[in-house]
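Residues per chain are reported as follows:
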Amino acid sequence: MNLPFAESYKIKMVEPIRKSQRKEREQWIKEAKYNLFNLKSEYVFIDLLTDSGTGAMSDKQWSELMLGDESYAGASSYYKMKNAIKKILGFEYFLPTHQGRAAENVLFSVLVKEGDIVPGNSHFDTTKGHIEFRKAKAVDCTIDEAFDTTLIHPFKGNIDLNKLEDVLKKYPAEKIPFIIVTITCNSSGGQPVSMQNLKEVSALAKKYNKLVVVDSARFAENAYFIKKREKAYKNKTIKEIVLEMFSYTDIMTMSSKKDAIVNMGGFIGMRDHDLFNKASVFNIMFEGFITYGGMSGRDMNALAQGLDEGTEFDYLETRVEQVAYLGKKCLEYGIPVLEPAGGHAIFVDAKRFLPQLPKEQFVAQTLGVELYIEGGVRGVEIGALLADRDPITRENRFPELELLRLAIPRRVYTNNHMDYIAASLANVYERRNDIKKGLKILVEAPIMRHFTIEMDRI
Ligand code: F0G
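Residues numbered from 1 in each chain as written. Predicted model: local features only at pLDDT ≥ 70, side-chain atom pairs only at ≥ 80, totals over all residues. Heavy atoms only, no water.

**Considering the overall build of the protein**
Part 1 of the reasoning: In terms of helices and strands, the protein carries 16 helices and 14 strands.
Part 2 of the reasoning: Taken along its principal axes, the extent of the C-alpha atoms in the protein is 60 × 55 × 45 Å.
Part 3 of the reasoning: Contacts in the protein between residues far apart in sequence, at least 24 positions, make up 73% of those at least 6 positions apart.
Part 4 of the reasoning: Carbon and sulfur atoms form 53% of the exposed surface of the protein, whose accessible area is close to 19,600 Å². (Helix = DSSP H or I, 4+ residues; strand = E, 2+ residues; numbered from the N terminus. Contact = heavy atoms within 4.5 Å. Areas by Shrake-Rupley, 256 points an atom, 1.4 Å probe, with all protein chains shown as cover.)

**What to know about the site of the ligand**
Part 1 of the reasoning: Close to the ligand lie 16 residues, the nearest being T50, R101, S255, K258 and R405.
Part 2 of the reasoning: One of the side-chain nitrogen or oxygen atoms of N186 is found 2.9 Å away from an oxygen atom of the ligand.
Part 3 of the reasoning: Within the side chain of R405, one N or O atom sits 2.7 Å away from an oxygen atom of the ligand.
Part 4 of the reasoning: With 3 residues, helix α4 (residues 100-111) is the largest single contributor of residues to the shell around the ligand.
Part 5 of the reasoning: Broken down by class, the residue content of the shell around the ligand amounts to 1 nonpolar, 8 polar and 7 charged. (Near = heavy atom within 4 Å. Polar contact = N/O pair within 3.5 Å; in protein donor to acceptor, adjacent residues only side chain to side chain. Nonpolar A, V, L, I, M, F, W, Y, C, P; charged D, E, K, R; others polar.)

**Concerning the side chain of S280**
Part 1 of the reasoning: With respect to the helices and strands, S280 occurs in helix α10 (residues 273-286).
Part 2 of the reasoning: Not counting residues within four places of it along the chain, the set of residues in contact with S280 comprises L95 and I290.

**Some thoughts on the domain arrangement of the protein**
Part 1 of the reasoning: In terms of domains, the protein is made up of domain 1 (22-51 + 313-457) and domain 2 (59-309).
Part 2 of the reasoning: Taking only C-alpha atoms, the centre of domain 1 and the centre of domain 2 are 26 Å apart.
Part 3 of the reasoning: Where domain 1 packs against domain 2, one counts 6 salt bridges.
Part 4 of the reasoning: A salt bridge links E132 to R397, with the shortest nitrogen-to-oxygen separation between them at 3.5 Å.
Part 5 of the reasoning: Linking domain 1 with domain 2 are 18 residue pairs in polar contact (both at pLDDT 80 or more), by the criterion used here. (Domains from an automatic or database assignment. Salt bridge = Lys/Arg side-chain N within 4 Å of Asp/Glu carboxyl O.)

**A closer look at the nonpolar core**
Part 1 of the reasoning: Ranked by internal contacts, the top residues of the largest apolar core, which has 57 residues, are L89, V181, F219, M245, F267 and L307.
Part 2 of the reasoning: Both domains that meet at this core, namely domain 1 (22-51 + 313-457) and domain 2 (59-309), each give it at least three residues.
Part 3 of the reasoning: Here F219 is in contact with L89, I183, V242, M245, F246, M254, D259, L307 and T311, once residues within four sequence places are set aside.
Part 4 of the reasoning: Counting 32 residues, the second largest nonpolar core, distinct from the first, contains L48, L354, L404 and A422. (Core = buried A, V, L, I, M, F, W, Y, C linked by side-chain atoms within 4.5 Å. Buried < 20%, exposed > 50% of the residue type's maximum accessible area, 1.4 Å probe, protein only.)

**As for the packing of α4 against α10**
Part 1 of the reasoning: At a minimum axis separation of 9 Å, α4 and α10 run at an interaxial angle of 130°. One finds that α4 runs oblique with respect to α10. Taken as a pair, α4 and α10 cross one another with a handedness that is right-handed. Where α4 approaches α10, its residues N105, V106, L107, S109, V110 and L111 are matched on the opposing element by L275, K278, A279, F282, N283 and F286.
Part 2 of the reasoning: Across the contact of α4 with α10, the residue classes break down as 8 nonpolar, 3 polar and 1 charged. (Axes fitted to C-alpha atoms, helices over the stretch in contact; angles between N-to-C directions. Parallel < 35°, antiparallel > 145°, perpendicular 65-115°, else oblique. Left-handed = near helix turned anticlockwise from the far one by under 90°.)

**Quick look at the sheet that holds strand β12 (residues 403-407)**
Note: strands within a sheet are paired through backbone hydrogen bonds, in either parallel or antiparallel orientation.
Part 1 of the reasoning: Strand order in the open sheet made by the 3 strands is β9-β12-β11, with antiparallel pairing throughout. Edge positions in the sheet fall to β9 (345-349) and β11 (380-382), since each has one partner strand and no second. When strand polarity is set aside, the average angle formed by the axes of neighbouring strands in this sheet is 35°.
Part 2 of the reasoning: Examined bridge by bridge, β9 and β12 share 5 bridges and lie antiparallel to one another. (Pairing = 2+ DSSP bridges.)

**Remarks on the pairing of strand β5 (residues 178-182)**
Part 1 of the reasoning: Burial runs high along β5: 5 of the 5 residues are buried.
Part 2 of the reasoning: Residue alternation in β5 divides its side chains into two sets, F178, I180 and T182 and I179 and V181, and both sets are buried.
Part 3 of the reasoning: By the bridge criterion, 5 bridges tie β5 to strand β6 (residues 211-215) in an arrangement that is parallel. If you follow I179 over to β6, its bridge partner there is V212.
Part 4 of the reasoning: For the handedness criterion, the β-α-β arrangement of β5, helix α7 (residues 195-207) and β6 is classed as right-handed. (Right-handed = clockwise from strand over helix to strand, strands pointing away.)

**With respect to the environment of V167**
Part 1 of the reasoning: Structurally, the position occupied by V167 is in helix α6 (residues 161-170).
Part 2 of the reasoning: Spatially, the C-alpha atom of V167 lies 49 Å from that of M66, the residues being 101 residues apart in sequence.
Part 3 of the reasoning: Residues contacting V167, with those up to four places away along its chain left out, are I117, P119, V139, C141 and I176.

**As for the packing of helix α8 (residues 219-229) against helix α9 (residues 238-247)**
Part 1 of the reasoning: Across the interface, α8 lies against α9 with an axial gap of 9 Å and an inter-helix angle of 110°. When the axis of α8 is compared with that of α9, the two are roughly perpendicular. Within the contact between the two elements, α8 uses F219, N222, A223, Y224, I226 and K227 and α9 uses I238, I241, V242, M245 and F246.
Part 2 of the reasoning: Here the residues of the contact of α8 with α9 are counted per class, giving 9 nonpolar, 1 polar and 1 charged.

**Points about the state of the cysteines**
Part 1 of the reasoning: With the rule as written, the count across this model stands at 0 disulfides.
Part 2 of the reasoning: A disulfide-free cysteine, C185 has its sulfur positioned 11 Å from the sulfur of C141, the nearest such atom.
Part 3 of the reasoning: A relative accessible area of 1% places C185 in the buried class. (Disulfide = S-S within 2.5 Å.)

**Description of the environment of F108**
Part 1 of the reasoning: By the secondary structure assignment, F108 is in helix α4.
Part 2 of the reasoning: Distance in space between the C-alpha atoms of F108 and L204 is 22 Å, their sequence separation being 96 residues.
Part 3 of the reasoning: Setting aside chain neighbours within four positions, we find F108 in contact with T127, H130, I131, R134, F178 and I180.

**Brief notes about the environment of L168**
Part 1 of the reasoning: Mapped onto the elements, L168 comes out in helix α6.
Part 2 of the reasoning: Each C-alpha atom, one on L168 and one on A205, is 9.0 Å from the other, the two residues being 37 residues apart in sequence.
Part 3 of the reasoning: When near neighbours in sequence (up to four residues on either side) are disregarded, L168 contacts I176, I179, L204, Y208 and K210.

**Structural notes on helix α11 (residues 297-310)**
Part 1 of the reasoning: The terminal C-alpha atoms of α11, which comprises 14 residues, lie 20 Å apart, in line with the 20 Å expected from a rise of 1.5 Å per residue.
Part 2 of the reasoning: Every buried residue of α11 is accounted for by G297, M300, N301, A302, L303, A304, Q305, G306, L307, E309 and G310.
Part 3 of the reasoning: Tucked inside the fold, the buried residues of α11 contact α2 (59-66), α3 (76-89), β2 (93-97), α8, β8 (266-270) and α12 (313-332). (Expected span 1.5 Å × (residues − 1).)

This is the structure in structure tokens:
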């Protein structure tokens, strides 16, 4: 008999969580103005709002905290992080930042100016935000397959090379500072980018003399998919694959709160000394001196250890297969989810779940509210609220995909929790025809409105 799948760790410390009553949840979500970000975490039983900074550190990471060097300049923790980045990711120069969007802010302060065009596979919202804030434009060159949630394709995160080349041809060279590839591609469902695609993007970038930036938050999960799905990499280690992936790129921005399994932190990896010097000025201004950049020494230590653990096959198998397990359970109940399962999350296709609701009633947010009321499970909307308004016309943008993301924190929940989540969703699915109305916006911020939005039932 083949031995069943089992987690590659055991549990040393636990944190109690509490189930609440449906009546309580109805009241709490009303008070939260139907914004899941406004809920107190103690009102949530299983929290799938994000996999960012919500992971469980290992015993080795916790012990690294005790060894942190809190010197302002030249701390040993900085060198620990520097060595890990060089060894595991292959970047000569780096700047620590307090999280991923801070890395974007520092890097884009050097590279992006008003009127620029930044093509990529599908920009994450903070990336798009930092581009649009500079009055530049983010252009998604997503492959068409990514928009069909039922289509099985091994690398739905790939950049469409024809769309990319069209952009490169259309605009004057000085308007395009770089191409950005997000691995895995969060906005298209945690879907991976193939090594082949990375190679081809790199070749195209060379042809047009462009830099390639990778938004690397979930690079290790991407490497796991390459090992599993791209034949030539079957026998390579994750660490070998990671080094090769980054070899096709010039710069990386990192939110370490994902695949480096820490609660806070980020960095920029670079090969060019001149860029490093320019970015250092902004790092000092926005983040802190170049050897800490907004991070404590202890956190840099835990990050260095996390990079090593996060690029081990056994850990990644436990992680990605747990997400796939939840996806499989949902499909067994007939729930429409994006296929194949992403690396960090299951994305419920809200348009197929609630086809009776018009898009103007924020379908995925409505589904998120219903799931919370049903089981105390908190997901997040990846749809029209997140897509926000066009920066020029201020009209609502309605993206092709209207998704409820259930992001799984790393090493936090067991498969019993996955069963509970799937059952909660199945209960909502069973009563889906009773959900006749969605939500309307009461108050919204000028940019990144989803975090603070206030809504009401229609
Ligand atoms: N890039 C990607 C692909 C991300 O998913 C995120 C964050 C960032 C950049 C920004 O990093 O949060 O450290 O500033 N994603 C989180 C999420 C918030 O829930 O998907 P950050």
